[in-house]
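Observations on the three-dimensional arrangement
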Amino acid sequence: MFGIYIFCFLIFTLWGYVFFIRKNYLHVITFISLGIFIPVLLYQFNWSSLINTSESSMYVYVIMMIALISLVYTCFTYKKKPRKLAINEKIVFTKFGASIAPYMNILFIGLYLLENYMGSESIIPGLVGIDIHNKYSAPIISYITNASFLFIAFDYLAYKSTKKKKYLVFLAIIVFIPVITRSSRFVMVMALIQLLCLYSLFEKEKKEKTAQEKKKSKRRNRAIFCVLIALMITLNLYTNYRMSGYGKYDITYSKMTKWTGPDYLTWMSPFYGYFALSFNNLKINLLYRQVECNYLGIYSFASLYFGLFQIDNLFGVDGAGQIRGNLITSGSANVPTGFWDFYYDFGVLFFIPLIVALLICNYFFKKSCKEKNKITYRVMYCWYVTYFAFMSFQNSLFMSTSLVSGIIMFLIMKNSFEIIENEEKTY
């Protein structure tokens, strides 16, 4: 297990150089470090009595290969950054974008509430104690309801284009509607990180700032930081509230995950259960489950096989076959990370889908560096690179709806916004 510490050290050292020295904030190593290797390191601390302490050479191999591939990729790509907006550039609606803007949010909110009703006979199942998140997904509709980033990006860019605050209101609704109506915290956290990524890329930075502008910028960044901290605390409190049956029982997440870490860090127990203990699930499945690899990537590339080709509906292939019979730590820590899907398909060659994902990310990145009059690939890069941060929870890189949703997003973004210099034209 000492090798895992070494690779964690190398990952964090390289990330620190890329992030703080090179100021390449949106490089994939940022999301791999924060979303994968911080949970890996926390898991090594054994802050739960539920942790299986058996040694697993395959688990060590998996973690070290993820680290090695990430390090090699970063060493070849860290110098370039996605192209930011120049001082004299402005995002504007195209005629098409302006024509669909009034209907975009109505479409998403309406379909989201409809899907809620189809799955529970209530448009707000989470508020009436019905849990449908990760349990129900409506045919066809889910390609839209699982594409929340499209609508978040659309509203954010619409606000940048028009300065109309109604788009910020709609943006907030789309970010929070999953947790309010379905108790789906994971989707909200993902949305917030993607929004932060968009903000980082599309906020213009002036080359020279006055003292007043610097103070304003610092206040704005501090405010954003404080809001994020407040949301994290609120989310942790809500997670414990939901765990207690909405206040009916004396149950907390720390009790369910049998937290043994420092008392002053008990507030971290939901994060530890969701992400760090997922690596315990990965390890025990690697230790005790026998799999017959298909080498086709059926579950690794779920967006292709189940999202596009619909092999579950056409040929009866079990869409959750890789998690049938899963060994889990507890009901509060019940996912084996997205890397289990890769291992289930490819065994020791599990890294193949990871390399494919990095190539996709690199494609969006290279195209985003060359974009001048469009923002399409910059948006696609923000969308995809953030998914690396959630692989410690599930196979976020190739979710079943992501390919179709991504195509829809690409077409809408390509035709809805453009970049102009000064005030050439606006709609």
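Look up: the structure comes first, before these words.
Section: the overall build of the protein chain
A tally of regular secondary structure across the protein chain gives 17 helices and 2 strands. In terms of overall size, the protein chain behaves like a compact globule, its C-alpha atoms giving a radius of gyration of 22 Å where 427 residues would be expected to give roughly 22 Å. Structurally, the protein chain occupies a C-alpha span of about 65 × 50 × 45 Å along its principal axes. Here the protein chain, with 427 residues, has 53% of them falling under the buried criterion. Put simply, of all contacts in the protein chain between residues at least 6 apart along the chain, 77% involve residues at least 24 apart. Approximately 20,400 Å² of the protein chain is accessible, and the part contributed by carbon and sulfur atoms is 64%.

Section: the nonpolar core
Judged by nonpolar contacts, the single largest core of 130 residues is most densely connected at Phe37, Phe154, Leu157, Phe202, Tyr384, Phe388 and Met413. A per-element tally of this core places helix α8 (residues 185-202) first, with 11 residues. Leave out the neighbours within four places in its chain, and Phe37 touches Cys8, Ile11, Phe12, Ile32, Ile63, Ile66 and Ala67.

Quick look at a nonpolar patch on the surface
A cluster of nonpolar side chains, Tyr117, Ile123, Ile124, Leu127, Val128, Ile130 and Ile180, forms an exposed patch at the surface whose accessible area comes to about 620 Å². Structurally, Ile130 can be placed in the loop between α4 (95-120) and α5 (142-145).

Things to note about a positive patch on the surface
Residues Lys215, Lys216, Lys218, Arg219, Arg220 and Arg222 make up a contiguous surface patch of positive charge. Along the chain, the position of Arg219 falls in helix α9 (residues 211-243). Residue class for Arg219 comes out exposed when judged on its relative accessible area of 52%.

Section: empty space enclosed by the protein
Here the structure, examined in full by the defined rule, presents 1 cavity of 30 Å³ or more. What lines the largest cavity is simply His27, Val28, Tyr73, Thr77, Cys361, Asn362, Phe365 and Tyr381. Looking at the lining of the largest cavity, the elements that each hand over two or more residues are α3 (57-77) and α15 (351-370). For the lining of the largest cavity, the element with the most residues is α15, which contributes 3 residues. Classifying every residue of the lining of the largest cavity gives 5 nonpolar, 3 polar and no charged.

Notes on the packing of helix α2 (residues 28-44) against α3
Relative to each other, α2 and α3 sit at 155 degrees, their axes nearing to 11 Å. On the basis of the axis angle, α2 is roughly antiparallel to α3. Remark: the crossing between α2 and α3 carries left-handed chirality. Two secondary-structure elements touch here, α2 through Val28, Ile29, Ile32, Phe37, Val40, Tyr43 and Gln44 and α3 through Tyr59, Ile63, Ile66, Ala67, Ser70, Tyr73 and Thr74. Of the residues belonging to the contact of α2 with α3, the class tally is 11 nonpolar, 3 polar and no charged.

Remarks on the pattern of salt bridges
Taken as a whole and judged by the stated rule, the model has 5 salt bridges. A salt bridge links Arg83 to Glu89; the shortest N-O distance between them is 3.1 Å. Residue classification places Arg83 among the partly exposed positions, given a relative accessible area of 23%. According to the relative accessible area criterion, Glu89 is buried, its value standing at 7%. For Glu203, the salt bridge identified is with Lys160, shortest N-O distance 3.1 Å. Taken as a pair, Glu203 in the loop between α8 and α9 and Lys160 in helix α6 (residues 148-162) lie far apart in primary sequence, 43 residues in all. Overall, Glu203 belongs to the buried group, its relative accessible area being 16%. Under the relative-accessibility criterion, Lys160 is labelled buried at 13%.

A look at the packing of aromatic side chains
Summed over the entire model, instances satisfying the criterion amount to 43 aromatic pairs. For the ring pair Phe271 and Phe275, a centre distance of 5.1 Å and an interplane angle of 40 degrees mean the geometry is tilted. Taken together, the residues Phe271 and Phe275, both in helix α11 (residues 269-288) and 4 residues apart, mark about one turn of the helix. Phe275 gets classed as buried once you look at its relative accessible area, which sits at 13%. Note on Phe364 and Tyr377: the rings are 6.4 Å apart at their centroids and 40 degrees apart in plane angle, and the pair reads as tilted. Linking Phe364 in helix α15 with Tyr377 in helix α16 (residues 376-385), this pair joins segments that are 13 residues apart in sequence. Here Phe364 and Tyr377 have matching classes, each one buried. Joined through ring pairs, the aromatic side chains of Tyr363, Phe364, Tyr377, Trp383, Tyr384, Tyr387, Phe388 and Phe410 make up one cluster. Sitting over the ring of Tyr112, Arg182 keeps its end group 3.9 Å from the ring centre.

The rules behind these values
- Residues numbered from 1 in each chain as written.
- Predicted model: local features only at pLDDT ≥ 70, side-chain atom pairs only at ≥ 80, totals over all residues.
- Heavy atoms only, no water.
- Helix = DSSP H or I, 4+ residues; strand = E, 2+ residues; numbered from the N terminus.
- Rg over C-alpha atoms; globule rule 2.2 N^0.38 Å.
- Buried < 20%, exposed > 50% of the residue type's maximum accessible area, 1.4 Å probe, protein only.
- Contact = heavy atoms within 4.5 Å.
- Areas by Shrake-Rupley, 256 points an atom, 1.4 Å probe, with all protein chains shown as cover.
- Core = buried A, V, L, I, M, F, W, Y, C linked by side-chain atoms within 4.5 Å.
- Patch = residues over 30% accessible without salt bridge, like charges linked within 9 Å, V, L, I, M, F, W, Y side chains within 5 Å.
- Salt bridge = Lys/Arg side-chain N within 4 Å of Asp/Glu carboxyl O.
- Lys, Arg positive; Asp, Glu negative; His and termini not counted.
- Charge placed at Lys NZ, Arg CZ, Asp CG, Glu CD.
- 1 Å grid on protein atoms, 1.4 Å probe; cavity = no way out; pocket = protein on both sides within 12 Å on 5 of 7 lines; lining within 4 Å.
- Points joined across faces, edges and corners; volume = space filled by probe spheres on them.
- Nonpolar A, V, L, I, M, F, W, Y, C, P; charged D, E, K, R; others polar.
- Axes fitted to C-alpha atoms, helices over the stretch in contact; angles between N-to-C directions.
- Parallel < 35°, antiparallel > 145°, perpendicular 65-115°, else oblique.
- Left-handed = near helix turned anticlockwise from the far one by under 90°.
- Phe/Tyr/Trp six-rings, centres within 6.5 Å; stacked < 30°, edge-to-face > 60°.
- Lys NZ or Arg CZ within 6 Å of the ring centre and 35° of its normal.

Everything listed here is a matter of coordinates, which is why it stays silent on function.
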